[in-house]
Amino acid sequence: VMKLNPQQAPLYGDSVITVQLTEEDKVEDDVVFYLVFAGSTVQHCTSTRKINPGSLETISPGHDCCETVKVALCASREGHPVLVVAEESFQFVQDEAYDAAQFLATCAGNQQALNFTRFLDRSRPPAADVDFLDEKVALAFRHLKLPAEWNVLGADQSVTENIPRETLMHFAVRLGLLRLTWFLLQQPGGRGALSIHNNEGATPVSLALERGYQKLHQLLTEEGAKEPDSWSTLSHTVHSGDYSVKHHRGLGVYLLTAEA
């Protein structure tokens, strides 16, 4: 039996999985290993990267629901049929980052909830935690199936521009969440949020400046600013019909997802 570590991953995927091979599976260099995740409504196939003769590395796929799935380790060699060499079970779970993204998505226009996020800021987490939070929440947000009418400023767009209020953009900028800010900028209402003042008269742009977040300030003000480098370490997905292909630049691993 192969060992997967860890044996579970968040729904939005993109976490590293290590595969420990058994003695008899440690084979010649020309064998290519894949993992196949068989979910109830979608299936994923991921390529792997060899770390050493006994272990492989891959990236967990983004899944559509919380469930335990069967994972098959397949070995392929030119001129030979593909073999299933081991099976193991794996669990997709909803974690705190996913909960946080859902909470933020639903409270886009809710002033009480957004003011609560300001309270969080008083106990500002250390930089390493901010980076981790930024990556996970941005990944989770990207994985949510946002309704077509979703807007960064909330559902009620009739609110006139000049009413002072908190926005999701204020939240992302205040904590210095570069990836989340970039994601929100691409959504409806993202650009509009940049000029909205809160009760202290701060806009997301002035907050970035005041807090000394230079990269973030550039992202918000420069004409045609490119996506931040930190975003490029995450995967890039291409959709086509019932299929999607994801490339994780960091590990050079590919994931194919198909409706079962």
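About the thresholds
Residues numbered from 1 in each chain as written. Predicted model: local features only at pLDDT ≥ 70, side-chain atom pairs only at ≥ 80, totals over all residues. Heavy atoms only, no water. Helix = DSSP H or I, 4+ residues; strand = E, 2+ residues; numbered from the N terminus. Buried < 20%, exposed > 50% of the residue type's maximum accessible area, 1.4 Å probe, protein only. Contact = heavy atoms within 4.5 Å. Pairing = 2+ DSSP bridges. Patch = residues over 30% accessible without salt bridge, like charges linked within 9 Å, V, L, I, M, F, W, Y side chains within 5 Å. Areas by Shrake-Rupley, 256 points an atom, 1.4 Å probe, with all protein chains shown as cover. Salt bridge = Lys/Arg side-chain N within 4 Å of Asp/Glu carboxyl O. Polar contact = N/O pair within 3.5 Å; in protein donor to acceptor, adjacent residues only side chain to side chain. Axes fitted to C-alpha atoms, helices over the stretch in contact; angles between N-to-C directions. Parallel < 35°, antiparallel > 145°, perpendicular 65-115°, else oblique. Left-handed = near helix turned anticlockwise from the far one by under 90°. Arc of directions from axis to C-beta.

- The chain goes by AKP13 protein in an unreviewed UniProt entry, where it is assigned to Bombycilla garrulus.

Looking at the overall build of the chain
- Within the chain, the regular secondary structure consists of eight helices and 12 strands.
- Principal axes of the C-alpha set define a box for the chain whose edges measure 65 × 35 × 35 Å.
- Among the 260 residues that make up the chain, the fraction classed as buried is 47%.
- Taking all contacts inside the chain whose residues are at least 6 apart in sequence as the whole, residues at least 24 apart take part in 65%.

Section: the pairing of strand S6 (residues 49-52)
- In this structure, S6 lies alongside strand S7 (residues 55-59), joined through three bridges in antiparallel fashion. Note that in S7 the partner of Asn 52 across the bridge is Ser 55.
- The hairpin formed by S6 and S7 contains two residues between the paired strands.

A look at a nonpolar patch on the surface
- Together, Tyr 243, Val 245, Tyr 254 and Leu 256 give the surface a local cluster of nonpolar side chains, amounting to about 380 Å² of exposed area.
- Where the nonpolar patch is concerned, the elements lending two or more residues are strand S11 (243-248) and strand S12 (253-259).
- Turning to its location among the elements, Leu 256 is positioned in strand S12.

What about the side chain of Thr 181?
- Mapped onto the elements of the fold, Thr 181 is located in helix H5 (residues 178-185).
- For Thr 181, the side chain forms a polar contact with the main-chain oxygen of Leu 177, separated by 2.7 Å.
- Not counting residues up to four positions away in its chain, the partners in contact with Thr 181 are Met 169, Ala 172, Val 173, Leu 216, Leu 219 and Leu 220.

Regarding the pairing of S11
- Of the two faces of S11, only the one carrying Ser 244, Lys 246 and His 248 is buried; Tyr 243, Val 245 and His 247 on the other face are not.
- Looking at chain direction, strand S10 (residues 235-240) and S11 are connected through six bridges and run antiparallel. Paired with His 236 across the strands is His 247, a residue of S11.
- Counting the residues between successive antiparallel strands, the hairpin from S10 to S11 contains two residues, one of them, Gly 241, with a positive phi of roughly 60°.
- Pairing between S11 and S12: six bridges, direction antiparallel. In the sheet register, Val 245 faces S12, and the bridge partner there is Leu 256.

Describing the packing of helix H1 (residues 96-106) against helix H3 (residues 127-143)
- Where H1 meets H3, the axes come as close as 8 Å, and the angle between the chain directions of the two elements is 60°. Here H1 lies oblique to H3, going by the angle between them. The way H1 lies across H3 gives a crossing that is right-handed. Contact with H1, carried on its side by Ala 97, Tyr 98, Ala 100, Ala 101, Leu 104 and Ala 105, involves Lys 136, Val 137, Ala 140, Phe 141 and His 143 of H3 and no other residues of that element.

Thoughts on helix H7 (residues 214-221)
- Every buried residue of H7 is listed here: Leu 216, His 217, Leu 219 and Leu 220. Projected down its long axis, H7 carries its buried residues within an arc of 160°, all on one side. Of the residues in H7, the exposed ones pointing more than 90 degrees away from the buried face are Gln 214 and Lys 215.
- On the buried face of H7, the contacting elements are helix H4 (168-174), H5 and helix H6 (204-210).

Let's talk about the sheet that holds strand S3 (residues 16-20)
- Overall, antiparallel pairing links the four strands, which are arranged S1-S3-S7-S6 in an open sheet. Among the strands making up the open sheet, the edge pair consists of strand S1 (3-5) and S6. Each adjacent strand pair in this sheet contributes to an overall mean axis angle of 30°, direction not counted.
- Pairing of S1 with S3 involves three bridges; the strand directions are antiparallel. Within S3, the position partnered with Leu 4 by the bridge is Val 19.

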